[in-house]
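In case you want the letters, here they are:
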Amino acid sequence: METLLQVQEICKYYRMGEVQITAVDHVSFSVEKGEFVVIVGASGAGKTTVLNLLGGMDTCDSGSILVDGTDITKLRKRKLAAYRRFDIGFVFQFYNLIPVLNVVENITLPVLMDGRKVNDARLQELLDTLGLRGREKHLPNQLSGGQQQRVAIARALINKPKILLADEPTGNLDSRTGQEVMELLCEIFRERNTTFILSSHDPQMQCYTDRTVYFSDGKIEIENHHTGEENAQ
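Residues numbered from 1 in each chain as written. Predicted model: local features only at pLDDT ≥ 70, side-chain atom pairs only at ≥ 80, totals over all residues. Heavy atoms only, no water.

**Student:** Break down the sheet that holds strand 1 (residues 3–16) for me, citing the residues and quoting the values.
**Tutor:** The strand order across the open sheet formed by 4 strands is 2-1-4-5, and the pairing between neighbours is antiparallel. One side of each edge strand has no neighbouring strand; the edge strands of this open sheet are strand 2 (19–32) and strand 5 (70–71). In this sheet, strand 2 lies alongside strand 1 in antiparallel orientation, the contact comprising 10 bridges. Paired with Tyr14 across the bridge in strand 2 is Ile21. (Pairing = 2+ DSSP bridges. Helix = DSSP H or I, 4+ residues; strand = E, 2+ residues; numbered from the N terminus.)

**Student:** Describe the pattern of salt bridges, and please don't skip the residues or the numbers.
**Tutor:** Evaluated as defined, the whole model comprises 12 salt bridges. Salt-bridge contacts for Asp25 lead to Lys219; the nearest nitrogen and oxygen are separated by 3.5 Å. One end of the pair, Asp25, is in strand 2; the other, Lys219, is in strand 10 (residues 219–225), with 194 residues separating them in the sequence. Overall, Lys219 belongs to the partly exposed group, its relative accessible area being 44%. Across the pair Lys74 and Asp71 runs a salt bridge, and its minimum N-O distance is 3.2 Å. For Asp71, a relative accessible area of 15% gives the class buried. Within this structure, Glu35, Arg211 and Glu223 form a network of salt bridges that share partners. (Salt bridge = Lys/Arg side-chain N within 4 Å of Asp/Glu carboxyl O. Buried < 20%, exposed > 50% of the residue type's maximum accessible area, 1.4 Å probe, protein only.)

**Student:** Quick one: what's the story with the environment of Lys160, residue by residue and with numbers?
**Tutor:** Note on placement: Lys160 falls in the loop between helix 5 (145–157) and strand 7 (163–167). Excluding anything up to four places from it in sequence, Lys160 contacts Phe86 and Arg122. (Contact = heavy atoms within 4.5 Å.)

**Student:** Quick one: what's the story with the side chain of Arg122, residue by residue and with numbers?
**Tutor:** As for its placement among the helices and strands, Arg122 is situated in helix 4 (residues 120–129). The exposure class assigned to Arg122 is buried, which follows from its relative accessible area of 7%.

**Student:** Give a description of the pairing of strand 8 (residues 195–200) that names residues and reports values.
**Tutor:** The element strand 8 is largely enclosed, with a buried count of 6 among its 6 residues. Burial of the side chains of strand 8 extends over both faces: Thr195, Ile197 and Ser199 are buried on one face and Phe196, Leu198 and Ser200 on the other. Two strands pair when backbone bridges link them, and strand 7 and strand 8 are joined in this way by 5 bridges, in the parallel orientation. The partner of Ile163 across the bridge, within strand 8, is Thr195. Assessed by its sense of winding, the connection that carries the chain from strand 7 through helix 6 (residues 175–192) to strand 8 is right-handed. (Right-handed = clockwise from strand over helix to strand, strands pointing away.)

Keep in mind these values describe shape, not function.
Structure, rendered in structure tokens:
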């Protein structure tokens, strides 16, 4: 398999008054193209910080993050912004939809912000895949939580990103809806060969993925690879 992401000895520190907090402590791992990885840890373990660093939404204090051989920690602002828009799709726990925009407008926002033309075939495919047909003109407050998260997933996929990042994507949903969203993400992963990195506090998420990376106190504790038989259970 081809290595798409290489994380090498990244560190991230924050200051609270005179105290320095270590959020990420010399973390290294790699992700293959088309691999589905879940980062599991308790609140404060560092998993969200790692996703923000991978997505270029925060900066490392040291270390490197190579995506397709390019170290994003060394990119200038303009190229880093382009990386965030085109190479990364990000799904958040609380959806982050624009309340005054309808479903189609929220999905296509990343394309329209760059002044580009929306690929209608791509849009229609996402509406069908994510079960949003018939809700194209609905505003976010007219949708259920599960439907809002489906819109957020479609928005993250509209630019065909190299890596899809999801931070606790089912954390704001009830268990049944959360399971439906995860099964949908798995279907997208299988059909599109998407490289997918998800963070969660729930160890049960490992049943959906190729590999689980356990985080504690900003460090990797252990990594487990899963077989096809385990994922099928």
